[in-house]
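# Geometric and topological summary
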Amino acid sequence: MSVLDINKIRQDFPILDEKVNGRDLVYFDNAATTQKPFVVLEALANYYGHYNANIHRGIHFLAEKATSAFEDSRSAIQKFLNAAHKEEIIFTYGTTDGINLVAQTYGRKFLKEGDEIIISTLEHHSNIVPWQMLCEEKGCVLRVIPIDDKGDLILEAYEKMLSEKTKFVSVVHVSNALGTINDVKFIIDKAHEVGAKVLIDGAQASSHITIDVQTLDADFYAFSAHKLFGPTGMGVLYGKSDILNAMPPYRGGGEMIKEVTFEKTTYNELPYKFEAGTPNIADVVAVKFAIDYINDLGKENIAAYEDELLKYATEQLSEIGGLRIVGKAKEKVSVVSFVLNGIHPQDVGVILDQQGIAIRTGHHCTQPLMNRLGLPGTSRASFAVYNTTDEIDKLVAGIHKVKKMVL
Amino acid sequence: MTINEIQDEIIEEFELFDDWEGKYEYIIDLGKKLPKLSDEFKIEDNIIKGCQSIVWLHAYKQDGKLYFEADSEAIIVKGLVSMLVKVMTNHTPEEILKSDLYFIDKVGLASHLAQTRSNGLASMVKQMRSYAVAYQAKEN
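A quick note: this is a predicted structure, and the numbers were derived from the prediction, not measured.

Let us now look at empty space enclosed by the protein. A probe as big as a water molecule, rolled over the atoms, marks out the empty space that is left. All names here are of chain A. Throughout the structure, instances matching the rule amount to four cavities of 30 Å³ or more. Considered as a void within the structure, the largest cavity measures approximately 90 Å³ in volume. Tallied by class, the residues present in the lining of the largest cavity amount to six nonpolar, six polar and two charged. Of the residues that make up the lining of the largest cavity, three or more belong to each of domain 1 (6-29 + 298-406) and domain 2 (51-295).

Written out as structure tokens, the structure reads:
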């Protein structure tokens, strides 16, 4: 039994009262984006309603209040990741944006022809394409860590891949399609032994796992606010300060400069060097409230409860005839991907939607992974702390209905 | 029958259903009944882009009229596609280009026409119309 009062938590999320096709909404698409608690919605309204101003250079009251709220978020995120320095927290538009920033600055400056970049079979397209673009431009070689049939990375193959040619490793902490939790500490340590830098794509991990970038010794860690009950269009890139300092700026514009003349521009210090233009102030301000919300519940409590949901869902779904769970990694977050014999995932999604149940179907932006698994796609149910076993029962009944209607 | 007469017939058929289950069972049934597209037409060029499931559309012209055949991996899409084919096939390019496909909305399936990435019905309609444009151009 969870120490959390799930019914009370559900009341914090207004969207859970919505009706979909005349039914109570069952929201199982949390790996795509999580819903937002009142505290986050109020923070957004409160910012725009009471202290909206452009930050950092204004000397008036509102500008100072907005700047201080904006920088409070940076401090909250520093603590959330246990980063050594506040200026190591760069605000981005999301995980994808953070990965592109690293590929386009660190990658373009420090990688050269023949250098090897390692990713894994589990990657989201966001952690494939930016590296492919870099490889195309610089003549680097992209190498891919294979997986076994359960969805775990084959780390022996990774170790064999590493050499003095390896200059960068970019892997996902938690697979969005299968839920696999990767041993990123091992991956980082091994990469460092050959002198490579490592980026961890934390999009799926940030809401489920306690992240300590110093213990992990990650060089970069990227995640998105919207997957941890925060607003969309706001993300974080953590980078070690010495590496960030050595990197050239990404986008040019206001805020990222120290001095501009028509002859030459000198750049601002961290983190502002990487934050050109007016940032997404409201969403940055609001993310602190999402993090406070998670901290109040306790990440360990959330993880323990989500594990209960995962275990229950795995047991219940396994009993459905013709259903095969895809992804049976040793360690997983609360994501269950599955296929039904003789039924296309899209049909599963459409009929469940008619019953008010939101899941995701398709390739989950991981086409190379689906190819490796020999599947056109899967149906994926992903759970958050506000979900219940009753809702999982509805999913099971819904899948029985899918079978009855289609087969 | 004209395009509108066929649409009206479909709308009438759907009036029999008062819940989503009946409606979707009917669509699934249409999907099951749609003749399988011959493998020679299941080629890359005939795949409609933008669908979550693969949809093939094959078109040909005979005696001044356009004919469509289609298939899909997913049964509901196949049923929807079957209705589109029924409405659009056996008409001149001019009739197809002039047509206003109101039946999808009237039978309560408008969400399937939505421009989301998971859904290819809108792309399918667009593709049918571009075949009509192409055949019209060839004639002139």
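Here the focus is the interface of chain A and chain B. Across the boundary between the two partners, chain A contributes 16 residues, which contact 15 residues of chain B. Between chain A and chain B, roughly 1400 Å² of surface is buried when both sides are summed, and carbon and sulfur atoms account for 56% of that area. The largest share of the area that chain A buries against chain B comes from Gln346, Gln354 and Met405 of chain A, three residues that together contribute 41% of it. The salt bridge involving Glu21 of chain B is made with Lys401 of chain A; its shortest N-O contact spans 3.0 Å. At the boundary of chain A and chain B, one finds seven residue pairs in polar contact (both at pLDDT 80 or more). Here the element with the most residues in the side of chain A that touches chain B is helix α12 (residues 345-354) of chain A; it accounts for five residues.

Glancing now at the packing of aromatic side chains. Residue and element names in this part refer to chain A. Evaluation of the coordinates by the stated rule reveals 21 aromatic pairs over all chains. Ring centres 6.1 Å apart and planes at 50° place the aromatic pair Phe80 and Phe223 in the tilted group. Of the two residues, Phe80 sits in helix α3 (residues 61-81) while Phe223 sits in strand β9 (residues 220-224), which places them 143 residues apart along the sequence. Of the two residues examined, Phe80 and Phe223, each falls in the buried class.

Attention shifts here to the environment of Lys165 of chain A. Residue and element names in this part refer to chain A. Locating Lys165 in the fold gives a position in the loop between α6 (155-161) and β7 (166-172). Sequence separation of Lys165 and Ile188 is 23 residues, and the distance between their C-alpha atoms is 16 Å. In contact with Lys165, other than residues within four places in its own chain, are Gly114, Asp115 and Glu116.

Residues and elements named next belong to chain A. Counting buried positions over the seven residues of β7 gives six, a clear majority of the element. The pairing of strand β5 (residues 116-120) with β7 spans three bridges and is classified as parallel. Note that in β7 the partner of Ile118 across the bridge is Val169. Here β7 runs beside strand β8 (residues 197-201); their pairing, made up of five bridges, is parallel. Paired with Phe168 across the two strands is Lys197, which belongs to β8. Between the parallel elements β7 and β8, the chain passes through helix α7 (residues 184-193) in a crossover that is right-handed.

Residue and element names in this part refer to chain A. Within the open sheet, the four strands sit side by side as β13-β14-β17-β16. Their pairing is antiparallel. Of all strands in the sheet, those with a lone pairing partner are β13 (323-326) and β16 (360-362), marking the two edges. Going across the sheet, the axis of each strand differs from the next one's by a mean of 30°, ignoring polarity. For strand β14 (residues 335-340) and strand β17 (residues 378-382), the ladder comprises four bridges, and the chain directions are antiparallel. Residue pairing across strands places Phe338 opposite Ser379, the latter belonging to β17. Sitting on the sheet, helix α11 (residues 299-318) touches β13 and β14, and the angle it makes with β14 is about 10°. In the packing of α12 onto the sheet, the strands contacted are β14, β16 and β17, and the crossing angle to β16 comes to about 155°.

A separate point is the confidence of the model for chain B. Averaged over chain B, the pLDDT score is 88; the fraction of residues at 70 or greater is 91%. Of the two predicted TM-score estimates for the complex, the pTM is 0.94 and the ipTM is 0.90.

Let's shift gears to the domain arrangement of chain A. Residue and element names in this part refer to chain A. Here the domain parsing of chain A yields domain 1 (6-29 + 298-406) and domain 2 (51-295). On a C-alpha basis, the centres of domain 1 and domain 2 stand 29 Å from each other. Taken together, the contact pairs 35 residues of domain 1 with 30 residues of domain 2. Carbon and sulfur atoms make up 58% of the area that domain 1 and domain 2 hide from each other, which totals about 2600 Å². Connecting domain 1 to domain 2 are two salt bridges. When the shortest N-O distance is used, the salt bridge between Arg372 and Asp149 registers 2.9 Å. In this structure, the connection of domain 1 to domain 2 is made through 19 residue pairs in polar contact (both at pLDDT 80 or more).

Bringing the packing of α12 of chain A against helix α14 (residues 389-406) of chain A into the picture now. Residues and elements named next belong to chain A. Closest axis-to-axis distance for the α12/α14 pair is 9 Å, and the angle between their directions is 120°. The angle between the axes of α12 and α14 places the two elements in the oblique class. Relative to α14, the crossing made by α12 is right-handed. On α14, the residues that touch Val348, Ile351 and Leu352 of α12 are Leu395, Gly398, Ile399, Val402, Met405 and Val406.

The rules behind each value
Residues numbered from 1 in each chain as written. Chains lettered and ligands numbered in written order. Predicted model: local features only at pLDDT ≥ 70, side-chain atom pairs only at ≥ 80, totals over all residues. Heavy atoms only, no water. 1 Å grid on protein atoms, 1.4 Å probe; cavity = no way out; pocket = protein on both sides within 12 Å on 5 of 7 lines; lining within 4 Å. Points joined across faces, edges and corners; volume = space filled by probe spheres on them. Nonpolar A, V, L, I, M, F, W, Y, C, P; charged D, E, K, R; others polar. Domains from an automatic or database assignment. Contact = heavy atoms within 4.5 Å. Buried area = accessible area lost by both parts, 1.4 Å probe. Salt bridge = Lys/Arg side-chain N within 4 Å of Asp/Glu carboxyl O. Polar contact = N/O pair within 3.5 Å; in protein donor to acceptor, adjacent residues only side chain to side chain. Helix = DSSP H or I, 4+ residues; strand = E, 2+ residues; numbered from the N terminus. Phe/Tyr/Trp six-rings, centres within 6.5 Å; stacked < 30°, edge-to-face > 60°. Buried < 20%, exposed > 50% of the residue type's maximum accessible area, 1.4 Å probe, protein only. Pairing = 2+ DSSP bridges. Right-handed = clockwise from strand over helix to strand, strands pointing away. Axes fitted to C-alpha atoms, helices over the stretch in contact; angles between N-to-C directions. pLDDT = per-residue confidence, 0-100. Parallel < 35°, antiparallel > 145°, perpendicular 65-115°, else oblique. Left-handed = near helix turned anticlockwise from the far one by under 90°.

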